[in-house]
Amino acid sequence: MSKSDTKKEASVKTRKAIVHLLKQNGPMDAVALSSELNVTGMAVRQHLYRLQEERLVDYDEESRPMGRPAKLWRLTAEAARLFPDGYMDLTVSLIDSMKEAFGEAGLEKLLEVRNKKMQDQYAVQLAGTEGIREKLEILADIRTNEGYMTEIAEHEDGDLLFVEKHCPICEAATACTQLCRNELNLFRAVMGDKVHIERSEHLLSGGSRCVYKITK
């Protein structure tokens, strides 16, 4: 492999790493990305501007106590194509067909059946668990295996956060908002009546991830 090819491959690898970090961590500035990747800030900025040209990233400016505002880089909606999409074209087409064939009421009934099946599947995998944290960790593993890139975090007030950094059914949920509502109901069902769950961030509402806050 020539030096030119090696350099090109390294650049592609670095840009993929930047995209992955922004997906995992949400908006980041070039300094933070540089630290994570162990490359110079100048190199990171060059990669970011290249990704911006490809409409995969953009930035918002954040005021800082000293100096100029910092650029917080984030993924655009276009970047969703770089991650698993759950055969969205087929799914969206099926949703449209179900609406046409059965109407909104029929589609709602089908989604209820889907939700019940998922609830039963999750309940089997969560059987025997004790405590909210343990349940959430197992549920996070289940969802990660389904493509949601899920992790557990802790809110500043001590409550737990169930964070999903990717939505493999995002296009379907855009076409059928009942899917998002059912996801929230699903989590509430498998966690039990004594646990309060609310969605505090939402991809379809302009957020960079879906976040559910869990309180007793």
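What counts and what doesn't
Every residue gets a number counted from 1 within its own chain, in the order that chain's sequence is written. Only residues with pLDDT of at least 70 are given local features in this predicted model, and only at 80 or more are side-chain atom pairs given and counted; all residues enter the totals for whole chains, interfaces and linings. Side-chain numbers come from the whole structure's heavy atoms, not from hydrogens or water. Helix and strand definitions follow DSSP, with helices as H or I runs of at least four residues and strands as E runs of at least two, each counted in order from the N terminus. Each residue is placed in one exposure class: buried if its accessible area under a 1.4 Å probe, protein chains only, is under 20% of its type's maximum, exposed if it is over 50%, and partly exposed if it falls in between. Here a residue-residue contact requires only that any non-hydrogen atoms of the pair lie within 4.5 Å. Think of it this way: Lys and Arg go in the positive column, Asp and Glu in the negative one, and His and the chain ends go nowhere. A charged residue contributes its charge at one atom only: NZ of Lys, CZ of Arg, CG of Asp or CD of Glu. Put simply, two rings from Phe, Tyr or Trp (the six-membered ring, in Trp's case) pair if the centres are within 6.5 Å, and we call them stacked under 30 degrees between planes, edge-to-face over 60, tilted for the rest. Here, a charge over a ring means that NZ of Lys or CZ of Arg falls within 6 Å of the ring centre while also lying within 35 degrees of the ring normal. DSSP calls a pair of strands paired once it identifies at least 2 bridges connecting them. Throughout, an axis means a line fitted to C-alpha atoms (over the contacting stretch in the case of helices), and angles, computed between N-to-C directions, take values from 0 to 180 degrees. How far a helix is expected to stretch is found by multiplying one less than its residue total by 1.5 Å. Think of the arc as the fan of directions from the helix axis to the C-beta atoms.

A.B. asks: Help me understand the overall build of the chain in this model?
C.D. replies: On a plain count of helices and strands, the chain comes out with seven helices and six strands. Its C-alpha atoms put the chain at 55 × 45 × 35 Å along the principal axes. Looking at the chain as a whole, 38% of its 216 residues qualify as buried. If you take every contact in the chain between residues at least 6 apart in sequence, the share linking residues at least 24 apart comes to 48%. Each charge sign in the chain was given a centre, from 31 positive and 35 negative side chains, and these centres are 4 Å apart.

A.B. asks: How should I be thinking about the environment of lysine 116 in this particular structure?
C.D. replies: Residue position: lysine 116 is located in helix H4 (residues 88–126). On the accessibility criterion, lysine 116 (44% relative accessible area) is partly exposed. With 66 residues separating them along the chain, lysine 116 and asparagine 182 place their C-alpha atoms 9.8 Å apart.

A.B. asks: How do you make sense of the packing of aromatic side chains when you look at a structure like this?
C.D. replies: Where two aromatic rings form a pair, the distance of their centres and the angle of their planes describe that pair. On inspection of all chains with the given rule, the structure shows five aromatic pairs. Aromatic pair tyrosine 49 and tryptophan 73: ring centres 5.6 Å apart, planes at 80°, arrangement edge-to-face. Of the two residues, tyrosine 49 sits in helix H3 (residues 41–53) while tryptophan 73 sits in strand E2 (residues 70–75), which places them 24 residues apart along the sequence. Overall, tyrosine 49 belongs to the partly exposed group, its relative accessible area being 35%. Here a set of aromatic residues connected by ring pairs shows up, and it is made of Tyr49, Tyr59 and Trp73. The ring of tyrosine 59 is capped by lysine 71, whose NZ or CZ atom sits 4.7 Å from the centre of that ring. Here the basic side chain of arginine 143 rests over the ring of tyrosine 148, its NZ or CZ set 3.7 Å away from the ring centre.

A.B. asks: Got a minute to help me understand the sheet that holds strand E4 (residues 160–164) in this structure?
C.D. replies: Paired through backbone hydrogen bonds, the strands of a sheet run either parallel or antiparallel to each other. Overall, antiparallel pairing links the four strands, which are arranged E3-E4-E6-E5 in an open sheet. Only two strands of the sheet have a single neighbouring strand rather than two, namely strand E3 (150–154) and strand E5 (196–201). Ignoring which end each strand starts from, the neighbouring axes of this sheet average 25° apart. The pairing of E3 with E4 spans five bridges and is antiparallel. Within the sheet, the bridge partner assigned to isoleucine 152 lies in E4 and is phenylalanine 162. Packed on one face of the sheet, helix H7 (residues 178–191) meets E4, E5 and strand E6 (210–215) and runs near 145° to E5.

A.B. asks: Explain H3 to me, please; I cannot follow it from the model alone.
C.D. replies: An α-helical turn contains 3.6 residues, so a residue and the one three or four places further along point in the same direction. Between its terminal C-alpha atoms H3 stretches 18 Å, which fits the 18 Å expected from 13 residues at 1.5 Å a residue. Within H3 the residues assigned to the buried category are Val44, His47, Leu48 and Leu51. Buried residues of H3 fall within an arc of 100° about the axis and therefore sit on the same side. Pointing more than 90 degrees away from the buried face of H3 are the exposed residues Met42, Gln46 and Glu53. Arginine 55 sits one or two residues past H3 and shows a positive phi near 65°.

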